[in-house]
Amino acid sequence: MTRIPMIAGNWKMNKTTSEAVSLSQDISYGYDSSLDDVELVICPPFIDLKSVSTVLSFDKSRIALGAQDVFWERSGAFTGEISPGMLKEVGCRYCIIGHSERREHFFETNETVNLKVHALLNEGITPIICCGEDLATREAGETLPFVISQIKAALEGLNEKQAADLVIAYEPIWAIGTGRTATPEAADEVCAAIRQTVGDLFSDSAAQSLRVLYGGSMKPENVSLFVPMPNIDGGLIGGAALEARSFIDLAKAFA
Ligand code: 13P
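The notes below deal with the structure included here. (Residues numbered from 1 in each chain as written. Predicted model: local features only at pLDDT ≥ 70, side-chain atom pairs only at ≥ 80, totals over all residues. Heavy atoms only, no water.)

1. Description of the packing of aromatic side chains
Selection criterion: Only rings of Phe, Tyr and Trp enter the pairing, Trp through its six-membered ring, and a pair is recorded when the two centres are within 6.5 Å. The plane angle decides the type: under 30 degrees is stacked, over 60 is edge-to-face, the rest tilted. Under the scheme applied here, a residue whose accessible area is under 20% of the maximum for its type counts as buried, over 50% as exposed, and between as partly exposed, the area being computed with a 1.4 Å probe on protein chains only. By the criteria applied, helices consist of DSSP H or I runs no shorter than four residues and strands consist of E runs no shorter than two, each listed in order from the N terminus.
Going through the model one piece at a time under the given rule, you end up with four aromatic pairs. Note on F71 and W72: the rings are 4.4 Å apart at their centroids and 35° apart in plane angle, and the pair reads as tilted. By relative accessible area, F71 is classed as buried at 12%. When its relative accessible area of 26% is taken as the criterion, W72 is described as partly exposed. Ring centres of Y214 and F226 lie 4.7 Å apart, and the angle between their planes is 10°; this geometry places the pair in the stacked category. Of the two residues, Y214 sits in strand β7 (residues 211-215) while F226 sits in helix α11 (residues 223-226), which places them twelve residues apart along the sequence. There is no split in this pair, since Y214 and F226 are both buried.

Written as structure tokens, this is what we have:
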């Protein structure tokens, strides 16, 4: 089974609307046909989604739009929240869920991740589900059971087809924004365990079609170490996604 590699840029809380327009235009100009076999996704802050969507459609770009979070209800008295339907209408094909920064600062739990996964799938938006351990968990040798339990909780109640189309991003917390990456072999081992968990829960074919990304200080200078890894299908990129050239270079590494 050949999986289409993905490079997704998580802009986090960066870029005003004018800066987001300019960055998305630069990424769009930097795109060339050598990238046709890689899926590029950009995930700006909520407030920038509409303008970035306009840039991408004006350019008839193949680059997909994603959000960084969502609420699970369809509408109602939930001040400050954004629904899956709102993301759909603005053109989002993807949405990051359960990023460690949301788990740490905004009380995201495995249960709310699961609610969001279902709400997105009901709207036809593909979740990019984040998982990953902190340093204490890694040093205790508990990485695999910890990550597997995050995945089992996130995927609760899905069917095989839904699982097969998911994207899961393994992001060890100690590697995010630190300049320190997991070794490619260690990252691949966790990505393989994620795939195996999907195989155990659903089927081998779901496990083989699911895409698993690595995230955590992935940059043009180190990406070539990750590309040959059999269970890593691309990257979820933070810092290096905030500059068009490095984002495009990362995507080219997977082309
Ligand atoms: P960095 O690439 O800046 O380490 O961030 C990774 C990340 O958290 C992407 O979601």
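Right, picking up where we left off after that structure.
2. Some words on the pairing of strand β5 (residues 126-131)
To keep things clear, this is the line we draw: Only strands that DSSP links by at least two bridges are regarded as paired with each other.
The buried count for β5 comes to six of six residues, which makes it a mostly enclosed element. Here β5 shows two buried faces, one formed by T126, I128 and C130 and the other by P127, I129 and C131. Bridge count between strand β4 (residues 92-97) and β5: four bridges; the pairing is parallel. Among the inter-strand pairings, I97 is bridged to a residue of β5, identified as I129.

3. Let's talk about the site of the ligand
Here is the rule: Residue proximity to a molecule or strand is established when one non-hydrogen atom of the residue lies within 4 Å of it. The definition of a polar contact used here is a pair of N or O atoms within 3.5 Å, where within protein one atom must be able to donate a hydrogen and the other to accept one, and adjacent residues in sequence count solely through side-chain atom pairs. Note on areas: Shrake-Rupley, 1.4 Å probe, and residue coverage restricted to the protein chains presented here.
With respect to spatial proximity, 13 residues lie near the ligand, and among them K12, H99, G177, S217 and G239 are the closest. One of the side-chain N or O atoms of N10 is found 3.0 Å from an oxygen atom in the ligand. H99 is positioned such that a nitrogen or oxygen atom in its side chain is 2.8 Å from an oxygen atom of the ligand. For the ligand, whose unbound accessible area comes to 310 Å², protein coverage reaches 96%.

4. Some details on the packing of helix α5 (residues 110-122) against helix α7 (residues 143-154)
To keep things clear, this is the line we draw: Axis lines are fitted through C-alpha atoms, for helices just across the contact stretch, and the angle between N-to-C directions can take any value from 0 to 180 degrees. Any angle that falls under 35 degrees is termed roughly parallel, while one over 145 is termed roughly antiparallel, one within 65 to 115 roughly perpendicular, and all others oblique. Here is the rule for handedness: rotate from the far helix to the near one, and if that takes an anticlockwise turn smaller than a right angle the crossing is left-handed, while a clockwise turn gives right-handed. Residues are treated as being in contact if the distance between any of their heavy atoms lies within 4.5 Å. Polar here means any residue other than Ala, Val, Leu, Ile, Met, Phe, Trp, Tyr, Cys and Pro, which are nonpolar, and Asp, Glu, Lys and Arg, which are charged; Gly is therefore polar.
For the pair α5 and α7, interaxial distance at closest approach is 8 Å and the crossing angle is 40°. When the axes of α5 and α7 are compared, the pair comes out oblique. In this structure, the crossing between α5 and α7 has a hand that is right-handed. Across from N110, V113, N114 and V117 in α5, the residues of α7 making contact are S149, Q150, A153 and A154. Residues of the contact of α5 with α7, tallied by class, amount to four nonpolar, four polar and no charged.

5. A look at the pattern of salt bridges
When the charged atoms of two side chains lie near each other, side chains of opposite charge can form a pair. Selection criterion: Salt bridges are counted wherever a side-chain nitrogen of Lys or Arg sits within 4 Å of a carboxyl oxygen of Asp or Glu.
Scanning all chains against the criterion turns up 13 salt bridges. Measuring nitrogen to oxygen at the nearest pair gives 3.0 Å for the salt bridge that ties E108 to K116. A single burial state applies to E108 and to K116, both of which are buried. One salt-bridge network, in which partners are shared between bridges, spans D69, R102, E108 and K116.

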